[in-house]
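One-letter residues, chain by chain:
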Amino acid sequence: KKILLSAIGLIAVIAAACSYLFLQNSVKSTSQRISDNAQAKLYLLPATGTQFSNNTEASIDVMLDTLGQNVTGVAAEIQYDNSKLTLTSIDKTGSSFGEDNVTLNPSLAANKLRIAADKPEDNPVTGNGKKIATLKFTTKENGAAKVEFVGNNIVEIVVNGVSTNLTIEKVNGEYQIGNVS
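Nothing here was measured: the structure is a model prediction, and the numbers come from that model.

The rules behind these values
Residues numbered from 1 in each chain as written. Predicted model: local features only at pLDDT ≥ 70, side-chain atom pairs only at ≥ 80, totals over all residues. Heavy atoms only, no water. Helix = DSSP H or I, 4+ residues; strand = E, 2+ residues; numbered from the N terminus. Buried < 20%, exposed > 50% of the residue type's maximum accessible area, 1.4 Å probe, protein only. Areas by Shrake-Rupley, 256 points an atom, 1.4 Å probe, with all protein chains shown as cover. Pairing = 2+ DSSP bridges. Axes fitted to C-alpha atoms, helices over the stretch in contact; angles between N-to-C directions. pLDDT = per-residue confidence, 0-100. Contact = heavy atoms within 4.5 Å. Polar contact = N/O pair within 3.5 Å; in protein donor to acceptor, adjacent residues only side chain to side chain.

**Observations regarding the overall build of the protein chain**
For the protein chain, the helix and strand inventory stands at one helix and twelve strands. For the protein chain, the succession of helices and strands along the chain, N to C, is α-β-β-β-β-β-β-β-β-β-β-β-β. In the protein chain, which comprises 181 residues, the proportion classed as buried is 31%. Surface accessibility of the protein chain: about 10200 Å² in total, with carbon and sulfur atoms responsible for 52%.

**Some words on the sheet that holds strand S11 (residues 168–171)**
Overall, mixed pairing links the five strands, which are arranged S5-S8-S3-S1-S11 in an open sheet. Of all the strands in the sheet, just strand S5 (85–91) and S11 have a single pairing partner and so form its edges. Sheet twist, expressed as the average angle between the axes of neighbouring strands with direction ignored, equals 20°. Judged from the five bridges that link them, strand S1 (residues 40–45) and strand S3 (residues 57–65) form a sheet pairing that is antiparallel. By the bridge assignment for S3, Tyr43 is matched with Met63.

**Let's talk about the pairing of S1**
Across four bridges, S1 lies against S11 in parallel orientation. Paired with Ala40 across the bridge in S11 is Ile168.

**Some thoughts on the confidence of the model for the protein chain**
Across the protein chain, the average pLDDT comes to 80, with 76% of residues at or above 70. Per-element averaging of pLDDT across the protein chain places helix H1 (residues 2–36) at the bottom with 46 and strand S8 (residues 130–139) at the top with 95. Across residues 16–35 the pLDDT falls below 50, and counting only partners more than four positions away or on other chains, this stretch makes one contact in the model.

**Focus: the side chain of Thr66**
Tracing the chain through its elements places Thr66 in the loop between S3 and strand S4 (73–80). Under the relative-accessibility criterion, Thr66 is labelled buried at 0%. From its side chain, Thr66 meets the backbone nitrogen of Gly127 in a polar contact 2.6 Å long. If near-sequence neighbours (up to four positions away) are discounted, Thr66 is found in contact with Gln39, Ala40, Val71, Val125, Thr126 and Gly127.

**What to know about the environment of Ile115**
Of note, Ile115 is situated in strand S7 (residues 112–118). The buried category is assigned to Ile115, whose relative accessible area is 1%. Every residue in contact with Ile115, bar those within four places of it in the chain, is listed here: Val62, Val74, Ala75, Ala76, Ile78, Ile90, Val102, Thr103, Leu104, Ile132, Ala133 and Leu135.

**Observations concerning the environment of Thr86**
By the secondary structure assignment, Thr86 is in strand S5. Residue Thr86 is classed as partly exposed on the basis of its relative accessible area, which comes to 32%. Separated by 29 residues in sequence, Thr86 and Glu57 have C-alpha atoms that sit 9.4 Å apart. Leave out the neighbours within four places in its chain, and Thr86 touches Lys136, Phe137, Thr138 and Lys140. A distance of 3.4 Å separates polar atoms of two side chains, one belonging to Thr86 and the other to Lys140.

**Focus: unusual backbone geometry**
Here Leu45 and Pro46 are connected by a cis peptide whose omega angle stands at 0°. Counting through the fold element by element, Pro46 comes out in the loop between S1 and strand S2 (51–52). Notably, Asn55 is not glycine yet its phi reads approximately 60°, a positive angle. Its identity as a non-glycine residue notwithstanding, Leu67 has a phi of 50°, on the positive side. By the element assignment, Leu67 lies in the loop between S3 and S4. Exposure remark for Leu67: the relative accessible area of 40% places this residue in the partly exposed category.

What follows is the structure, given as structure tokens:
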């Protein structure tokens, strides 16, 4: 009887350990799956961790990695910390979509903007490091400042006149404002 109870207790411990390991791997694979299923990526340059001096201009590029897709359109809603950053301009110079194909709505809210760009189906954008536009801020207060993709972000392809939205991975930025030594 004692051996039977010991065996049942050992099986319960093993079952609990297996359940824990399964759940840990499940959570990990779910977050990895989101990234693995991405068909395009929106990101910011410079990357997170960059430090800007206070009371200076900080330029942040809004970038696209098409992950091999032929992209014909993109729309990005971006929110920034307006207690630390003041948006002074949005520069379309050098956009992979062409300056004339980029439209801006810098006044969605006090700290939110929308950038959209498109290209014809016969001349899509493809590859990594494709600039959409440059956000120019004036830094105004020391501390961490976030710049994030929020709301409705779209990357689309058009094949034979049919538009399809891609699954997007979004990489936000957090920057340190303060004295740079």
